[in-house]
Amino acid sequence: METQLFMPFRPSPPLTHAEGVAHRNMSDPKERFFRYFQAEITAIQSQIDDLATMSAAGGERQDCIDTVLAGISRLSNEVMDAGDYVPAYDQRAYAQAMKALTDKLNETTAKFAPKSRFQFKSKAKPAPGSEAQVDPRVRTSFSNVGSKHSPVPDAAKRDAEDSAASSAKHYNEELEQQSGVRRPSFSNAKNIAIYDHSGLHIMLPSTASRATSSGSLTNLERCVVDMTAPTSSGTPFAGLALKNIKQSLIIAGHVAGPVHITGLQNSIVVVAARQVRIHECKDVDVYLHCASHPIIEDCSGMRFAPLPEFYATKLEIKGENQWDQVDDFKWLKSEPSPNWAILPEEKRIPEDVWKNSVCGSPSLSTDDILRRAGVLGERGC
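The structure displayed is predicted, hence computed values, not measured ones.

Asks: What should I look at first to understand the overall build of the chain in this one?
Replies: When helices and strands are counted, the chain shows nine helices and eleven strands. If you take every contact in the chain between residues at least 6 apart in sequence, the share linking residues at least 24 apart comes to 52%. Carbon and sulfur atoms make up 49% of the accessible area of the chain, which amounts to about 17900 Å² in all.

Structure below.
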């Protein structure tokens with residue numbers, strides 16, 4: 001289904017040519033937020049469109065609905081937070097776009113359960129100039145947004161969701177019991193969730209391509225994780241979340257939608273994605289192919305480089321790469337952000353290390369690979 005764009009406007013166009021040039025400059029926080037909002041709302045719309053193709057079994061559709069709800073809640077809060085530099089006129093336009101997005105979710109979910117009385121209602125306050133004057137920085141509220149109780153599944157669906165959760169737990173327990181390079185199949189899972197591991201080398205086989213509806217890596221330390229194989233056969237992740245990872249090398253493969261990277265330290269990430277947003281990370285190198293401007297917030301010591309040719313070929317990545325067009329949403333000054341830089345070529349991981357070490361040499365331990373990649377070295381400990 002073709003995604004409808006809810007925001008066919010440009011916020012508050014300046015009147016003079018000089019102002020227009022300044023407005024289009026990405027040092028302008030209003031322009032940066034506009035670009036970010038467009039990318040976020042388009043991604044959420046795509047997730048809503050995807051609901052029709054998802055099965056209710058195993059909780060796959062409900063998981064996506066929960067993700068959409070959380071995205072709407074987060075984005076509405078960010079619109080309110082932008083009140084410091086976004087004019088009231090644009091605040092109203094953003095609020096209208098959020099309401100249209102919520103209405104679209106209501107309409108879509110109603111098709112799955114036509115008799116249900118449940119609805120995700122928008123309780124956005126009236127815009128300035130309408131029925132009542134309000135502070136544009138007052139947060140918009142959506143009832144039930146982000147709630148895990150919407151709608152309540154029947155007994156059969158709850159059983160399916162419990163089964164899916166047990167399956168994820170089973171795979172993570174298996175990883176701890178194995179030795180050498182771990183290769184969990186995830187053949188019976190709907191999504192990939194790897195969490196709470198230390199010192200492991202994990203390489204997902206192609207059988208895991210059945211579970212790429214979504215992916216998450218959480219609470220990892222001194223690990224090497226390679227998810228290239230399942231995402232290189234025409235089955236990229238729909239979305240991916242990396243959270244609370246330290247001193248690790250993550251080769252995330254191909255992601256068709258957004259990647260959210262939160263709380264990483266002293267690590268390296270390799271990924272090809274449509275959109276990348278990075279929060280609260282420190283001393284992380286990102287080898288990237290991105291179809292939009294990467295976004296960082298509350299980060300320091302970030303370095304960016306293009307996706308290594310070795311993985312670009314494997315993943316058959318094409319199209320424009322905006323890996324070096326990074327927007328720092330917490331840096332509002334006109335001079336370049338000090339929180340990120342381009343990784344110098346002489347400090348990038350050599351091609352032979354990607355091919356001969358990272359891919360899993362039998363003679364190398366996980367720590368050996370991390371040292372060769374530079375994770376346990378100058379930027380590690």
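Asks: When you look at the packing of aromatic side chains in this model, what are you seeing that I'm missing?
Replies: Each aromatic ring pair is summarised here by two numbers: the centre-to-centre distance and the angle between the ring planes. In this structure the tally under the stated criterion is nine aromatic pairs. Measuring from centroid to centroid gives 4.9 Å for phenylalanine 310 and tyrosine 311, while their planes differ by 75 degrees, and the two rings are edge-to-face. Here the aromatic residues Phe33, Tyr36, Phe37, Tyr94 and Phe329 are joined through ring pairs into a cluster of three or more.

Asks: What should I look at first to understand the pairing of strand β9 (residues 302-306) in this one?
Replies: Working note: regular strand, side chains alternate between the two faces of the sheet. Of all five residues in β9, four are buried; the element is thus mostly enclosed. Sheet topology note: the strand β7 (residues 282-290)/β9 ladder contains four bridges and is parallel. Bridging from a neighbouring strand, tyrosine 287 pairs with alanine 305 of β9. Inspection of the sheet shows β9 paired to strand β11 (residues 340-342) by three bridges, in the parallel sense. Bridging from a neighbouring strand, phenylalanine 304 pairs with isoleucine 342 of β11.

Asks: Which parts of the structure should I look at to understand the pattern of salt bridges?
Replies: Any two side chains of opposite charge can pair, on the condition that their charged atoms come close. Under the defined criterion, the tally for this structure stands at eight salt bridges. Between aspartate 49 and lysine 104 there is a salt bridge; the shortest N-O distance is 3.2 Å. With aspartate 49 in helix α2 (residues 29-50) and lysine 104 in helix α4 (residues 88-112), this residue pair connects regions lying 55 residues apart in the sequence. For the pair aspartate 49 and lysine 104, a shared accessibility class is recorded, and that class is buried.

Asks: What am I meant to see in the confidence of the model for the chain here?
Replies: The predicted coordinates of low-pLDDT regions are not to be read in fine detail. Looking at the chain, the pLDDT average stands at 77 and 74% of residues meet or exceed 70. Across residues 1-6 the pLDDT falls below 50, and counting only partners more than four positions away or on other chains, this stretch makes 16 contacts in the model. In the model, residues 8-24 has pLDDT below 50 throughout and makes 22 contacts with residues more than four positions away in sequence or in other chains.

Asks: What exactly am I supposed to notice about the nonpolar core here?
Replies: For soluble globular proteins, the rule of thumb is that nonpolar side chains tend to be buried together. One finds Ile278 and Phe304 to be the most contacted residues of the largest nonpolar core, which totals 42 residues. Ranked by residue count, the leading element in this core is strand β6 (residues 249-279), at eleven residues. Sequence-distant contacts of isoleucine 278, that is, excluding residues within four places in its chain, are made with Ile261, Val286, Ile295, Ile296, Glu297, Cys299, Met302 and Phe304.

Asks: What am I meant to see in the environment of glutamine 325 here?
Replies: Following the sequence through the fold, glutamine 325 ends up in the loop between α7 (309-314) and β10 (327-328). C-alpha separation for the pair glutamine 325 and serine 292, spaced 33 residues apart in sequence, amounts to 8.2 Å. Beyond its immediate sequence surroundings of up to four residues, glutamine 325 is in contact with His293 and Pro294.

Asks: What exactly am I supposed to notice about unusual backbone geometry here?
Replies: Excluding glycine, most residues fall at negative phi; most peptide bonds, likewise, are trans. In this model, asparagine 266 sits at a positive phi of 45 degrees, which is unusual for a non-glycine residue. Examined against the element boundaries, asparagine 266 turns out to sit in strand β6. For aspartate 283, which is not a glycine, the phi torsion comes out positive at approximately 55 degrees.

Asks: Would you explain the packing of α2 against α4 in this entry?
Replies: Pairs of packed helices are described in terms of their axes, by the angle between the two and the distance that separates them. Where α2 contacts α4, the two axes come as close as 10 Å, and the packing angle between them is 5 degrees. In terms of orientation, α2 and α4 fall into the roughly parallel class. Each of Lys30, Phe33, Phe34, Phe37, Ile41, Ile44, Gln45, Ile48 and Asp49 in α2 lies in contact with α4, whose residues at this interface are Tyr94, Ala97, Met98, Leu101, Lys104, Leu105 and Thr108.

About the criteria used
- Counting of residues starts from 1 at the beginning of each chain's written sequence and follows it residue by residue.
- Local features in this predicted model are restricted to residues whose pLDDT is 70 or higher, and side-chain atom pairs enter the listing and the counts only when it is 80 or higher, whereas totals over whole chains, interfaces and linings include all residues.
- The basis for every side-chain value is the complete set of non-hydrogen atoms in the structure, without hydrogens or water.
- Secondary structure elements are defined from DSSP: runs of H or I of at least 4 residues count as helices, runs of E of at least 2 residues count as strands, and each element is numbered from the N terminus.
- In this description, contact between two residues means that some pair of their heavy atoms is separated by no more than 4.5 Å.
- Residue exposure ignores everything except the shown protein chains as possible cover, and the areas themselves are Shrake-Rupley values with a 1.4 Å probe.
- The pairing test for Phe, Tyr and Trp rings, Trp by its six-membered ring, is centres within 6.5 Å, and the orientation test on the planes gives stacked under 30 degrees, edge-to-face over 60, and tilted for anything in between.
- Each residue gets one of three labels from its accessible area relative to the maximum for its type: buried under 20%, exposed over 50%, partly exposed in between, using a 1.4 Å probe on protein chains only.
- Strand pairing is assigned whenever DSSP detects at least two bridges linking the two strands.
- Should a side-chain nitrogen of Lys or Arg be within 4 Å of a carboxyl oxygen of Asp or Glu, the pair is scored as a salt bridge.
- Known as pLDDT, the predictor's per-residue confidence is scaled from 0 to 100.
- Here the nonpolar core consists of buried residues drawn from Ala, Val, Leu, Ile, Met, Phe, Trp, Tyr and Cys, with membership extended through side-chain atoms lying within 4.5 Å.
- Angles here are taken between N-to-C directions and fall from 0 to 180 degrees, while the axes themselves are lines fitted to C-alpha atoms, restricted in helices to the stretch in contact.
- Here is the rule for angles: anything less than 35 degrees is roughly parallel, anything more than 145 is roughly antiparallel, 65 through 115 is roughly perpendicular, and the remaining ranges are oblique.

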